[in-house]
Amino acid sequence: MRVLTGLQPSGALHIGNYFGSIRQMKELQDSSDLFIFIANYHALTSLKDSKALKENTLDAAINFLSLGIDPDKSTFWLQSDVKEVLELYWILSSFTPMGLLERAHSYKDKVAKGLTPNHALFSYPVLMAADILLYDSQIVPVGKDQIQHVEITRDIAIKFNNEFGDILTMPQFKVDEEVATVPGIDGAKMSKSYGNTIDIFCTNKALKKATGKIVTNSTPIEEPKDYATCNVFALAKLFLDESEQEELKQRYQNGTEGYGHFKMYLKELIWDYFGPARDKREYYLNHKDEVRDILHTGAKKARKLAVEKMEIIKEKVGILS
Ligand code: ADP
Ligand code: TRP
């Protein structure tokens, strides 16, 4: 089963990203033929700072490798290293009705938020369709906001196939309904855009500060506390097995500890959990050439399929090669 997903290189990762997405990718690389890439051409639609884009791109690769994306188990590359994707993007554009893109929520939302629309932002879903269709992807794991983009991909593939026969593989999106939304320090969904994140690779001091700011009620130390409505508990739970969760529930009910104790406990859980990833990251930060090599090797694997597919597609549409 070919599973493909693209990752935006958009800065620091938080624990919502880990439990909502990265952990699933780690499972998928064990159970499927996972194709996973850093979408740096997509990032260009909203980031016009060359230094920042380069840094974010390499940073994203380092972060995902550190958190367990394994280039021996998956095909991991940089979108821009497989140039065929841009060829397909143009060909697919000729099979994409304007109306399909005009209806895209993500485009409309970005414009509504004040982003000056450019053509790349508008045609973003066509490049995403090229990402998906170039590699005959069957399953595309995405967050809810990206479902429509996979539907657009299907619509484009149908148009193309109606014209030329069964050439493009019809992909299906996969949204993990079981994944609970990870709360941020204010209790709302943890998100970069809300400024309520706990970042995975922050310093110990910053972690202490972030966990210290988690909003709780004001039940005094000597009273039993309600773990079920507590943000600290909701976060701690992610790092604990059943029996450890029971122990923590007991501590909440004992009425001998305050929220400060639970926050400190949570801080330690997070710090320890990501310890091995932190060490790996430190290594990659000091061996960036190795990271670039890993990405090149991944691109070579991906490109082999891309070249074969493009030969078929170009032949069908009549582009001489
Ligand atoms: P942000 O909201 O911080 O910008 P992204 O939209 O870049 O995060 O999310 C990347 C991935 O992480 C998506 O697949 C998304 O579903 C997942 N994710 C982000 N925040 C959370 C959260 N609070 N809980 C669960 N999953 C999350
Ligand atoms: N648009 C996706 C996002 O913002 C990233 C992405 C680019 C992608 N190409 C893709 C996701 C192809 C899945 C498949 O998260």
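Residues numbered from 1 in each chain as written. Chains lettered and ligands numbered in written order. Predicted model: local features only at pLDDT ≥ 70, side-chain atom pairs only at ≥ 80, totals over all residues. Heavy atoms only, no water.

A.B. asks: Could you give me a rundown of the site of ligand 2, with the residues and numbers involved?
C.D. replies: Taken together, 14 residues form the shell around ligand 2, and within it Gly-6, His-42, Tyr-124, Asp-131 and Gln-146 come nearest. A distance of 2.6 Å is found between a nitrogen atom of ligand 2 and a side-chain nitrogen or oxygen belonging to Tyr-124. Within the contact set of ligand 2, a nitrogen atom lies 2.9 Å away from a side-chain nitrogen or oxygen of Gln-146. About the coverage of ligand 2: the protein hides 89% of its 360 Å² of free accessible area. For the shell around ligand 2, the secondary structure elements donating two or more residues are β1 (2–7) and α7 (119–133). Classifying every residue of the shell around ligand 2 by side-chain character gives eight nonpolar, five polar and one charged. (Near = heavy atom within 4 Å. Polar contact = N/O pair within 3.5 Å; in protein donor to acceptor, adjacent residues only side chain to side chain. Areas by Shrake-Rupley, 256 points an atom, 1.4 Å probe, with all protein chains shown as cover. Helix = DSSP H or I, 4+ residues; strand = E, 2+ residues; numbered from the N terminus. Nonpolar A, V, L, I, M, F, W, Y, C, P; charged D, E, K, R; others polar.)

A.B. asks: With reference to specific residues and values, describe the site of ligand 1.
C.D. replies: Contacts to ligand 1 come from His-14, Gly-16, Asn-17, Gly-20, Ser-21, Ala-180, Thr-181, Val-182, Lys-189, Met-190, Ser-191 and Lys-192. Measuring from an oxygen atom of ligand 1, one finds a side-chain N or O atom of Asn-17 at 3.1 Å. A breakdown of the residues in the shell around ligand 1 according to their chemical character gives three nonpolar, seven polar and two charged.

A.B. asks: If you had to explain the pairing of strand β3 (residues 75–78) to someone new, which residues and values would you point to?
C.D. replies: Strand residues, when the strand is regular, have side chains that alternate between the two faces of the sheet. The alternating pattern of β3 places Thr-75 and Trp-77 and Phe-76 and Leu-78 on opposite faces, both of which are buried. Looking at chain direction, strand β2 (residues 33–38) and β3 are connected through four bridges and run parallel. Pairing of Ile-36 across the sheet is with Phe-76, part of β3. (Buried < 20%, exposed > 50% of the residue type's maximum accessible area, 1.4 Å probe, protein only. Pairing = 2+ DSSP bridges.)

A.B. asks: Lay out a negative patch on the surface in plain terms, naming residues and giving numbers.
C.D. replies: Among the surface-exposed residues, Asp-241, Glu-242, Glu-244 and Glu-247 lie close enough to one another that they form a single negatively charged patch. Locating Glu-242 in the fold gives a position in helix α11 (residues 242–254). (Patch = residues over 30% accessible without salt bridge, like charges linked within 9 Å, V, L, I, M, F, W, Y side chains within 5 Å. Salt bridge = Lys/Arg side-chain N within 4 Å of Asp/Glu carboxyl O. Lys, Arg positive; Asp, Glu negative; His and termini not counted. Charge placed at Lys NZ, Arg CZ, Asp CG, Glu CD.)

A.B. asks: Quick rundown of the pattern of salt bridges? Include the residues and the values.
C.D. replies: Tallying each qualifying case throughout the model produces twelve salt bridges. A salt bridge links Lys-51 to Glu-55; its shortest N-O distance comes to 3.4 Å. Of the two residues, Lys-51 and Glu-55 both sit in helix α3 (residues 50–66), four residues apart, roughly one turn of that helix. Under the relative-accessibility criterion, Lys-51 is labelled exposed at 58%. In this structure, the salt-bridge partner of Glu-246 is Lys-249, at a minimum N-O distance of 3.2 Å. Of the two residues, Glu-246 and Lys-249 are both situated in helix α11; the distance of three residues between them amounts to about one turn of the helix. Overall, the relative accessible area of 44% leaves Glu-246 in the partly exposed class.

Treat this as a map of the structure, not an account of what it does.
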